[in-house]
Amino acid sequence: MAAAGFDRVPWLVVAFAGGIAAWFVLPGWPAWLDLIGLAAVIAAGAASLAHRDGRAPHLRQAVIACALAVAAGCGLVWAKSTLIGTPAIAHASAGMIEGRVLAREDRPAEGGLRLMLAIREPTTGRAITIRLKADSGADRAGLGKGALIRVKARLMPPAPPMLPGSYDFARAAWFSGLAATGTALGPITVIEPAGANGSIAELQRALSNHVRRNLSGSPGAIAAAFASGDRGAINRADEAAMRDAGLTHLLSISGLHVSAVIAAAYFIVLRVLALFPWLALRVRLPLLAAGAGAATGIGYTVLTGAEVPTVRSCIGAVLVLLALTLGREALSMRMVAVGGALVLVFWPEALIGPSFQMSFAAVIAIVALHGAQPVRAWFAARIEPWWAHGLRQLGSLLLTGIVIELALLPIGLFHFHRAGGYGAVANVVAIPLTTVASMPLIALGLLFDLVGGGAPFWWLAGKSLELLLALAHWTAALPGAVTTLPAMGRGDFALFVAGGLWLALWSGRVRCWGLLPALIGGIGLVLIRPPDVLVSGDGHHLGITGEADQTLLVLRDSRSEYARENLTELAGMRGAIRPLASWPGARCNADVCALAITRGERTWQLLMVRSDAPIRERELAAACDRADLVVAERRLPTSCHPRWIKADGASLARTGGLAIDLHSAAVHSVADEAGNHGWWRGE
């Protein structure tokens, strides 16, 4: 630690992030206070010992600083949740609402649009923000930001996770100030049309429409995403192919896009100004070019919506420019740490999202890899034939891609329960194609459209994007392109994160100790087993795993793609789904299904209620007595007493969705993950 110098600084950001993560994991305010108090006691104790005993000063400094950073992280996110968090509406409702449009998002691929509205809650009169989905046929003239509208709508509280480990939209809505989501049930009446206020949203929408007028189909949708950040026109098949091929990062405005734009502005300004000798001899041109690049990057970030991932990328790129102007190393862990700290100070909730984790994991992996002495020596500049230089650069790109894929693997498995197999190879082609061909051609098309000469550039851009899509679909169709696994536990994920950070942030032989927790996490990943029974929070959907043919048995053959994806992802399956009523071992009628399944050394009796039709209470009570587990969407009478779990409408309202492991007789619920945080409203 004494020899680490400034390289100790990133660990303070890690400790700060650890305090934020602990706030989300711990169940409620008593535990949060205990954590902050414990951190303060540790810091005070280390400071007292340091005053009495001067040995190991760097260790004592680290203990004090990291303890205070943990406390600061926990206190910051707690304060933001208290000040910014927005309680959801109490229950679903339907009726006429009147509100002001705060934002509009066109979704051509889904045949509709989304509106952010400021309204008064119908029951309490509280001022709230809601998100309303409407069909494209409901669009009206003047329906834009600032318009006052009236519409009949059905409003719902933001949905909690369907199952433990699923995406928590209620948590995201809590921090974004969203109190409800809804669907328009009738035509939209524009009371006051939106004025031509020249907002960024209008400019973004106009730019997206302009791009799609010049490029039709899928290439136009992706080009619009590159130019304006509008992904609403990308169809699901293309988005799924990009995801399975490991190329989905190209669709969101992130570090790659922002860096390309800033680099282009930097070098263009630098070369143009260098044409004037008088200026070049008197002014530091790199400083002017860096300023132009930073301004361009900030403008691009604002134009594309200033989402948190884009802002995060812009901060990192501007820090790189600052390092260049100061003559410092452009890419370093200190730069990454400063960027991460800035993001976490303003958006601490971003820490637990996959976007933050993936982007920073990728950057940390790149910096750690190219900062390692053997790698630097291997890829250092040297006098060699052009073909050898090209192969060396190709090897560098491929090695970087492999390391990034390894860094992102546990994050993808934890959040999405899936990981790509060929992303590193696909990115070797896709990244140069995007940065060298597609994005410059789109920029030239927009530039020459000012004089009516952009058509050739749009044609070339379309061909490059067709090639990108062909690569994505071909890669996604390869055998083993996607690996699915059941939901990873928080403990295994924490081991991977700890091991990866240790490997990346230390140098020398001591970094090898990071392989130990990563190895333990890998063993846990290999041994992971899917839950035997999955029950959704409303009791409407149920999945049973563990059959010999890897078929997922479901209670209802639902048309909901959302429900199917959640069940298959949490089960770690990509195979067939089969309705329980058609399974030979199930006994089903119109009202109930009964099933006996053997897990471990025991046979479990399951009873599932399928309908809302009245069932004789005596018959239902007798069936419950013979069952170990009873699942029902509705509230069951008190006379229903199964031997183990009664998961009916009343109990599921308290627990949320369930993941049940019959081998160990363990039950994990959504309520266990949410604790007493404000966005969870278990009854």
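For the structure itself, look to the data block above.
Quantities reported herein were computed from a predicted structural model and do not represent experimental measurements.

Draft legend 1. Broad picture of the sheet that holds strand β12 (residues 577–579). Across the sheet, which stays open at both edges, the six strands sit in the order β12-β11-β10-β9-β18-β19 with mixed pairing between neighbours. Every interior strand has two partners, whereas the edge strands, β12 and β19 (666–669), have only one. Pairs of neighbouring strands in the sheet enclose a mean axial angle of 20°, with direction left out of account. Sheet topology note: the strand β10 (residues 542–544)/strand β11 (residues 552–554) ladder contains two bridges and is antiparallel. Directly across from G543, in β11, lies its bridge partner V554.

Draft legend 2. Structural context of a nonpolar patch on the surface. Where nonpolar side chains cluster on the molecular surface, the patch consists of L444, L447, F448, L450 and V451 and spans about 500 Å² of accessible area. Counting through the fold element by element, F448 comes out in helix α16 (residues 423–448). On the basis of relative accessible area, F448 is assigned to the partly exposed category, the value being 34%.

Draft legend 3. Here's a closer look at the side chain of T545. Along the chain, the position of T545 falls in the loop between β10 and β11. Residue T545 is classed as buried on the basis of its relative accessible area, which comes to 0%. At 2.5 Å, the side chain of T545 and the backbone oxygen of P531 are in polar contact. With residues near it in sequence (within four places) discarded, T545 still touches P530, P531, D532, L552, A571, M573 and R599.

Draft legend 4. Expanded view of the packing of helix α5 (residues 200–214) against helix α6 (residues 217–228). Where α5 contacts α6, the two axes come as close as 8 Å, and the packing angle between them is 145°. α6 is crossed by α5, and the crossing has right-handed handedness. Facing Q204, L207, S208, V211 and R212 of α5, the residues of α6 in contact are G220, A221, A223, A224, A227 and S228. Looking at the contact of α5 with α6, its residues break down into six nonpolar, four polar and one charged.

Draft legend 5. Main features of the environment of I577. For I577, the position within the fold is in strand β12. Classification of I577 as partly exposed rests on a relative accessible area of 30%. Between the C-alpha atoms of I577 and G543, which are 34 residues apart in sequence, the distance is 9.2 Å. When sequence neighbours within four positions are dropped, the list of residues in contact with I577 reads T551, L552, V554, R564 and T568.

Draft legend 6. Seen up close, helix α12 (residues 333–346). For α12, which comprises 14 residues, the first-to-last C-alpha distance of 20 Å matches the rise-based estimate of 20 Å (1.5 Å per residue) to within 8%. Restricting attention to buried positions, one finds in α12 the residues M333, M335, V336, A337, G339, G340, V343 and L344. The inward-facing, buried residues of α12 contact α1 (9–25), α3 (57–84), α11 (308–325), α13 (354–371) and α18 (490–505).

Draft legend 7. Seen up close, the nonpolar core. Core analysis: the biggest nonpolar cluster contains 48 residues, and L247 and L468 have the highest contact counts within it. For this core, the elements supplying multiple residues, two or more each, are α5, α6, α7 (236–244), α8 (255–273), α10 (285–303), α11, α16 and α17 (455–476). If one sorts the elements of this core by residue count, α17 sits on top with eight residues. With near-sequence residues (within four places) excluded, L468 lies in contact with F226, M242, L247, L250, A430, L433 and T434. With 42 residues, the next largest nonpolar core counts A69, W174, L351 and F356 among its residues.

Draft legend 8. Just the pattern of salt bridges, in detail. What the rule picks out here adds up to 18 salt bridges. Here E121 makes a salt bridge to R126, at a shortest N to O gap of 3.0 Å. Residue R556 pairs with E633 through a salt bridge whose shortest N-O separation is 3.7 Å. Placement of R556 in the loop between β11 and α20 (561–571) and of E633 in the loop between β16 (629–631) and β17 (645–647) is noted, with a sequence separation of 77 residues between them. Through salt bridges with shared partners, a single network forms among R104, D106, D139 and R205.

About the thresholds
- Residues numbered from 1 in each chain as written.
- Predicted model: local features only at pLDDT ≥ 70, side-chain atom pairs only at ≥ 80, totals over all residues.
- Heavy atoms only, no water.
- Pairing = 2+ DSSP bridges.
- Helix = DSSP H or I, 4+ residues; strand = E, 2+ residues; numbered from the N terminus.
- Axes fitted to C-alpha atoms, helices over the stretch in contact; angles between N-to-C directions.
- Patch = residues over 30% accessible without salt bridge, like charges linked within 9 Å, V, L, I, M, F, W, Y side chains within 5 Å.
- Areas by Shrake-Rupley, 256 points an atom, 1.4 Å probe, with all protein chains shown as cover.
- Salt bridge = Lys/Arg side-chain N within 4 Å of Asp/Glu carboxyl O.
- Buried < 20%, exposed > 50% of the residue type's maximum accessible area, 1.4 Å probe, protein only.
- Polar contact = N/O pair within 3.5 Å; in protein donor to acceptor, adjacent residues only side chain to side chain.
- Contact = heavy atoms within 4.5 Å.
- Left-handed = near helix turned anticlockwise from the far one by under 90°.
- Nonpolar A, V, L, I, M, F, W, Y, C, P; charged D, E, K, R; others polar.
- Expected span 1.5 Å × (residues − 1).
- Core = buried A, V, L, I, M, F, W, Y, C linked by side-chain atoms within 4.5 Å.

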